[in-house]
Amino acid sequence: MVEAKSSAVLIEHVVKQFGEGDRAVHALADVSLNIRDNEFFTLLGPSGCGKTTLLRCIAGFEQPTDGRILLFGDEIDELPPNKRPVNTVFQHYALFPHMTVAANVGFGPRMLKRSRSEIESVVERILKLVHMDHLADRRSTQLSGGQQQRVALARALATQPEVLLLDEPLSALDLKLRQQMRVELKQLQEETGITFIFVTHDQEEALTMSDRIAVMSDGKVQQVGTPKDIYERPINHFVADFIGETNFFDVTVEGVNGGKATCVAPGGARLAAEAVEGCKVGDTVSLSVRPERIRFSQDGAHGDSLNGVIERPIYLGTDTHYHVRLPDGVSVLVRVQNAHGGAKPVTVGDKVALRFDPGAVIMLMD
Amino acid sequence: MSKREDQLRKRHRENLVRGTLLSPALLTICGFLIAPLLIVLVYSFLTPGTYGGVIWEWTFDAYIQFLFERDIFDESLVFSTAYLEIYSRSFVQAIVATIACFIIGFPTAYFIATRPEDQKNMWVLLVTVPYWVNLLIRTISMLFLIRNEGPLNHGLQSIGLIDSPIQIAYTNFGVGIGLVYSYLPFMVLPLYATIERFDFRLVEAAYDLYADRWTVLFKVILPICLPGVVAGSLLVFIPSLGAFIAPDLLGGGKNLMIGNLIALQFQGSRNWPFGSAAAMIVMSVVMVALIVYTRQQTRTRIQVH
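None of these values were measured; they are calculated from a predicted model.

Caption draft 1: Representation of the overall build of chain B within the structure. Regarding its fold elements, chain B presents 13 helices and four strands. When burial is assessed residue by residue, chain B has 28% of its 305 residues classed as buried. In chain B, once contacts between residues fewer than 6 apart in sequence are set aside, the share between residues at least 24 apart is 66%.

Caption draft 2: Here's a closer look at unusual backbone geometry. Residues and elements named next belong to chain A. Even without being a glycine, Phe72 presents a positive backbone phi close to 50°. Looking at the element boundaries, Phe72 is found in the loop between strand E4 (66-71) and strand E5 (74-75). In this structure, Glu168 takes a positive phi of about 40° despite not being glycine. Mapping Glu168 onto the fold places it in the loop between strand E7 (163-167) and helix H5 (175-192).

Caption draft 3: How the structure looks around the sheet that holds strand E1 (residues 7-18) of chain A. Residues and elements named next belong to chain A. Ordered in space as E2-E1-E4-E5, the four strands form an open sheet in which the pairing is antiparallel. A single partner strand is all that each edge strand has here, and the edge strands are strand E2 (25-36) and E5. With five bridges joining them, E1 and E4 adopt antiparallel strand pairing. Counterpart to Val9 in the pairing with E4 is Leu71.

Caption draft 4: Here's a closer look at the interface of chain A and chain B. In this complex, chain A contributes 18 residues to the contact, which on the side of chain B involves 15 residues. At the level of elements, strand E6 (86-89) and helix H2 (101-111) of chain A are the ones that each hand at least two residues to the side of chain A that touches chain B. Top contributing element to the side of chain A that touches chain B by residue count: H2 of chain A, with three residues. Broken down by class, the residue content of the side of chain A that touches chain B amounts to 10 nonpolar, seven polar and one charged.

Caption draft 5: Structural view of the sheet that holds strand E15 (residues 294-297) of chain A. Residue and element names in this part refer to chain A. An order of E15-E19-E16-E17-E18 is seen for the five strands of this open sheet, with the pairing classed as antiparallel. The sheet terminates laterally at E15 and strand E18 (331-337), the two strands that pair on one side only. In this sheet, adjacent strand axes meet at a mean angle of 50° when their direction is disregarded. In terms of strand pairing, strand E17 (residues 319-325) meets E18 through seven bridges, oriented antiparallel. Within E18, the residue paired with His323 across the bridge is Leu333.

Caption draft 6: Spatial organisation of the domain arrangement of chain A. Taken domain by domain, chain A comprises domain 1 (2-239) and domain 2 (245-363). Here domain 1 of chain A and domain 2 of chain A have C-alpha centroids that lie 39 Å from each other.

Caption draft 7: The arrangement of the packing of helix H8 (residues 201-208) of chain B against helix H9 (residues 213-224) of chain B in detail. Residues and elements named next belong to chain B. In contact at an axis separation of 10 Å, H8 and H9 are set at 135° when each is read in the N-to-C sense. Regarding the angle of H8 to H9, the classification is oblique. As for how H8 packs across H9, the hand of that crossing is right-handed. Here Leu202, Val203, Ala206 and Tyr207 of H8 come into contact with H9, specifically with Val216, Val220 and Ile221. Its residues assigned to classes, the contact of H8 with H9 shows seven nonpolar, no polar and no charged.

Caption draft 8: Structural detail: the confidence of the model for chain B. Averaged over chain B, the pLDDT score is 89; the fraction of residues at 70 or greater is 97%. Prediction confidence for the complex, expressed as pTM and ipTM, is 0.80 and 0.81 respectively.

Caption draft 9: Focus on the packing of H2 of chain A against helix H4 (residues 145-157) of chain A. Residues and elements named next belong to chain A. Between H2 and H4, whose axes approach to 7 Å, the crossing angle comes to 30°. The angle between the axes of H2 and H4 places the two elements in the roughly parallel class. Relative to H4, H2 is oriented so that their crossing is right-handed. Contact residues: Val101, Asn104, Val105, Phe107 and Gly108 in H2; Val151, Ala154 and Arg155 in H4. Class assignment of the residues belonging to the contact of H2 with H4 gives a composition of five nonpolar, two polar and one charged.

Caption draft 10: View of helix H3 (residues 116-129) of chain A. Residue and element names in this part refer to chain A. Taking 1.5 Å per residue as the helical rise, H3 with its 14 residues ought to reach 20 Å, and the 20 Å between its terminal C-alpha atoms agrees with that figure. Every buried residue of H3 is accounted for by Ile119, Val122, Val123, Ile126 and Leu127. Down the axis, H3 shows its buried residues gathered within 120° of arc, on one side only. Seen from the open side of H3, the exposed residues pointing more than 90 degrees away from its buried face are Ser117 and Glu118. Among the structural elements, H2 and H4 are those in contact with the buried residues of H3. Positioned one or two residues after H3, His131 has a phi angle of 60°, which is positive.

Caption draft 11: Structural view of the nonpolar core. Ile58, Ile197 and Leu287 of chain A are the most contacted members of the largest nonpolar core, which has 103 residues in total. Among the elements that line this core, the one with the most residues is H4 of chain A, at six residues. Apart from the residues lying within four places of it in its own chain, the contact partners of Leu287 of chain A are Phe249, Val251, Cys263, Leu271, Ala273, Val361, Ile362 and Met363 of chain A. Ranked by size, the runner-up nonpolar core spans 43 residues in total, among them Ala94, Met142, Ala169 and Ile262 of chain B.

Caption draft 12: The arrangement of the pairing of E17 of chain A in detail. Residue and element names in this part refer to chain A. Summarising the sheet, strand E16 (residues 306-315) and E17 pair through six bridges and their orientation is antiparallel. Bridging from a neighbouring strand, Val309 pairs with Arg325 of E17. Taken together, E16 and the strand that follows it, E17, pair antiparallel across an intervening segment of three residues, in which Gly317 is found at a positive phi of about 85°. Where E17 folds back on E18, the antiparallel hairpin that results is connected by five residues, among which Gly329 adopts a positive phi of roughly 95°.

Conventions we followed
Residues numbered from 1 in each chain as written. Chains lettered and ligands numbered in written order. Predicted model: local features only at pLDDT ≥ 70, side-chain atom pairs only at ≥ 80, totals over all residues. Helix = DSSP H or I, 4+ residues; strand = E, 2+ residues; numbered from the N terminus. Buried ≥ 20, exposed ≤ 12 C-beta atoms within 10 Å, placed from the backbone. Contact = placed C-beta atoms within 7 Å. Pairing = 2+ DSSP bridges. Nonpolar A, V, L, I, M, F, W, Y, C, P; charged D, E, K, R; others polar. Axes fitted to C-alpha atoms, helices over the stretch in contact; angles between N-to-C directions. Domains from an automatic or database assignment. Parallel < 35°, antiparallel > 145°, perpendicular 65-115°, else oblique. Left-handed = near helix turned anticlockwise from the far one by under 90°. pLDDT = per-residue confidence, 0-100. Expected span 1.5 Å × (residues − 1). Arc of directions from axis to C-beta. Core = buried A, V, L, I, M, F, W, Y, C linked by C-beta atoms within 7 Å.

Encoded structure:
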């Protein structure tokens, strides 16, 4: 369904370099992305990964050193920010302090020389959309953080851009408000049908709102996929580690058969995983297993499974985290839901065998 | 001792400390600002002495003289615009100088404010360098530069741009150059202070919302930096209005400005009450203008709230 939609922003081999010669910093190293129309697309990564730089390249505040950016098929690299049909919600909102809320929201339409009545109706409609119509005559400096956030959003939406860029817009809000705004943002995106490109370092934000996520680090795109893809099928160590919690096992490939690989852990246990491309017998690879996809089986400790000793249970309300110490000293994190109390209780010192859910073991590319 | 008494005593002591600490400033203001102003005010209502000084006879003559000429023969009063002309010329000169200072000063301040952090202080220092030299000397140097035989006219003549020297010295234009040169830093420094605090992300936001360069300047940067513009304009306008040295040297004393008029009353004309009245008039005009401006500012702010 999503696949059928056309491309809104096409980023082709974009390189951005700051500085010259020895002191040059590569903020973006050959980034290519295809962001589709009507999509909620998230650029996720730690600070300094280049996600904001990429957003600024799309907005026009930065010029790519190399590569090109197409907006609905048109090359926009030569256009200054005020000629691009994209708008930005800035990290610190950047509301005009000398204007009222309504004047802030009406700024874009005024610049586009819309008629007075048209501006008034747009401002009213957009402010209603973000639930700020009752504060239209306030000065922007007299608003709380959450209110400023909504006005910034309204201001960027008032010109009906084809693409909306959001630069960590929720980072300055407190937790409750942030969670509420996540829902509202997603709703707004669905209602308006505008393509959202959302920058964040918060994986939870990315997972809850996005249609697709691009995980970035060191100026490169590590993986692009749906939240489910990214979480359940991370392709490399960085992605598996950055999104959620996981266990890594360094193993040796023992056999490859029809896309399935059998791997041997240092303790002798055998683990089956889907083989990544180019994986050969004898290779040393990393496996990732999410803690909630591991189960205990106290009865069947046999040679092929991972056996360990329960070390430290941490009760977290909805679930309990167990640290299981393997014979080779590696500690494995296991998450057990407390919901139905069905699982047999385990205590410190219990010997357990670890069972993995089907498809839980993911072989990583590096 | 009751708690209440204790508190009262404490408050009393605090007031005493506050008063003591403020006293140097208060004494300075009273002794060097208010007292001299009162003397000027009183003198403006007295009768001039023949050889300068005043005779203690109360009269409104000084103020009447400002607007009317007394006929020598029948002592009747005839409306005269001579002094009003001097005043309006001074106001025009000062306004033009202020505008010119703004036009030159704003880009300068913007330039300094957008330099890297470690270079800003050097640029600010360069702006203040002329102030290390006495104003009189700077103005005389300016005269040497712009006079008919000076390097400016010589240069223009030698490259063939003009045939005969342009008369700049001893004209209103020359005075204007002197005023701008004298007071430009007073415009640059407050402007720099406000632009330096300006959040340039707002410029990006405006660009993002389809504003062009000029709109960004006039609708975003200037309105937000308005306090600096007002401060700089006042700091240039007020001393320009009462300037004495520039009009005296560069204007050749031909086209009197308020400063020269007042100076003249205390020197050649020996009419101290009229000089005092002239000073009081210009001061009250400026003060009324300022009060009206501040009132309006507060009112717009209240309306907005």
